[in-house]
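The residues making up each chain are set out below.
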Amino acid sequence: MFITLTLPGYGRIRPGTGVPVDPERYDYRRAAMDALHFSKLLDRWFQNLRRCAGFKVQYFGAIEAQRRLAPHFHVATRGAIPRQVIKAVTKATYVSIWWPSLDRPKYVQDTPAWDGMDYVDPQTGIPLQTWDDALTELDKNADAKPAHVVRFGSQTDAKGLIAGVPETDRAVRYLTKYLTKALAETFATDGRVELAYDMHIDRLYAEVRFLPCSPDCPNWLRIGIQPRTVGPGMEPGWCRSKAHSREHLGLGGRRVLVSRGWSGKTLAGHRADRSEVVRQALTSAGIEVAAVDRMAAQVVDEDGNARFEWAAVIPGAGTKAAMLVATILERRRWRAQYELAKAMANAHDPPVDKQFGSLQRAGR
Ligand SMILES: [Zn+2]
């Protein structure tokens, strides 16, 4: 089957443009939160679908952005499932995000400071609430509500696919074209200036940039809570997850979701396929594959013995700096040996013994 799942509306969209009719009233905040948690909703949907269908549904799906910038999901599933079941599962599926409330950012202008242990209020120096304390408070509050609830929109589409039919080919193209396409390309305007659309992207980006993506996100500092794991250098708006970028607009994780049993292949099998593809490309370009393999464990010397001996790096055998220095020295030694070898090949006179001696000592 070929199923398409969409998110709800956040405000009316001008037909054909993807731009809200009234940007002031468009719910960017909700759109951003839904995008950040979309993959959790999909995971829950597959769980629920498998329970209701009564078998381990296998799937291959891709997340893409609609023109209005909301992610949606195309998926092919193996085995037929009644449409009512799919509709009911979609309607009933939701994910509650039990996080501290995101409603009132505390540090919009000032940024909390790091005192070596905690993030503290920049004026008073008092440590911000820790993540654990914030969650305990949430647990104790009988009236607490989740920080966010993600649900699907009402536009679910499900149809059967039969091999060899043009419609099926179209569905497969849908699923595979996004494998090589960046999310931003989905809503790129081909270089044309579309001010209203650009502003629509900017407004969503403004939300996505400062909302927390996970318990460890530095954006919690803006809300006045220390992230679960803290350290120096955390600053709201500068989380390292790509979910916050203008190119990804909330979708930082996997774009393609494949169930384990879809192809009957293991991860190692997929890797072997991939390396074979790379190998063939290199060979056809006239690049010697042996050179690519030179560090592989199975490479042997001329005498048939293993070229490399693998040994564990012993922690505590030296500092990182010592290990780095040793590596640099080794590299310089190799360089010197190489230069010497070249000089020997060109020289009419044999090199002086002293140099030769050092080559012998350093060589293996
Ligand atoms: Zn983040």
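To be clear, the structure that these remarks concern was listed above.
Below is a short write-up of the structure. (Residues numbered from 1 in each chain as written. Predicted model: local features only at pLDDT ≥ 70, side-chain atom pairs only at ≥ 80, totals over all residues. Heavy atoms only, no water.)

## A look at unusual backbone geometry
Step number 1: Positive phi, normally seen in glycine, also occurs at Leu69, with a value near 85 degrees.
Step number 2: Mapped onto the fold, Leu69 is located in the loop between β2 (58-65) and β3 (71-78).
Step number 3: The backbone of Leu249 sits at a positive phi, close to 45 degrees, despite the residue not being glycine.
Step number 4: The residue Leu249 is located in the loop between α8 (220-223) and β9 (256-258) in this model.
Step number 5: According to the relative accessible area criterion, Leu249 is buried, its value standing at 2%. (Helix = DSSP H or I, 4+ residues; strand = E, 2+ residues; numbered from the N terminus. Buried < 20%, exposed > 50% of the residue type's maximum accessible area, 1.4 Å probe, protein only.)

## Quick word on the side chain of Thr168
Step number 1: If you trace the backbone, Thr168 turns up in helix α5 (residues 166-177).
Step number 2: When near neighbours in sequence (up to four residues on either side) are disregarded, Thr168 contacts Leu161, Ile162 and Ala163. (Contact = heavy atoms within 4.5 Å.)

## Some points on the pairing of strand β1 (residues 2-5)
Step number 1: Residues Phe2 and Thr4 point to one face of β1 and Ile3 and Leu5 to the other, with burial holding for every one of them.
Step number 2: In this sheet, β3 lies alongside β1 in antiparallel orientation, the contact comprising 4 bridges. Looking across to β3, one finds that Ile3 is bridged to Val75.
Step number 3: Pairing geometry for β1 and strand β8 (residues 157-159), over 3 bridges, is antiparallel. In the sheet register, Ile3 faces β8, and the bridge partner there is Ala158. (Pairing = 2+ DSSP bridges.)

## Some details on the packing of helix α1 (residues 28-36) against helix α7 (residues 195-210)
If you want to describe how two helices pack, look at the angle between their axes and the distance between the axes.
Step number 1: One way to put it is that α1 packs onto α7 with a least axis distance of 9 Å and a crossing angle of 65 degrees. In terms of axis orientation, α1 runs roughly perpendicular to α7. Helix-helix and strand crossings are classified by hand; for α1 and α7 the assignment is right-handed. On α7, the residues touching Tyr28, Arg29, Ala31 and Ala32 of α1 are His200, Arg203, Leu204, Glu207 and Val208.
Step number 2: Considering only residue class, the contact of α1 with α7 consists of 5 nonpolar, 1 polar and 3 charged. (Axes fitted to C-alpha atoms, helices over the stretch in contact; angles between N-to-C directions. Parallel < 35°, antiparallel > 145°, perpendicular 65-115°, else oblique. Left-handed = near helix turned anticlockwise from the far one by under 90°. Nonpolar A, V, L, I, M, F, W, Y, C, P; charged D, E, K, R; others polar.)

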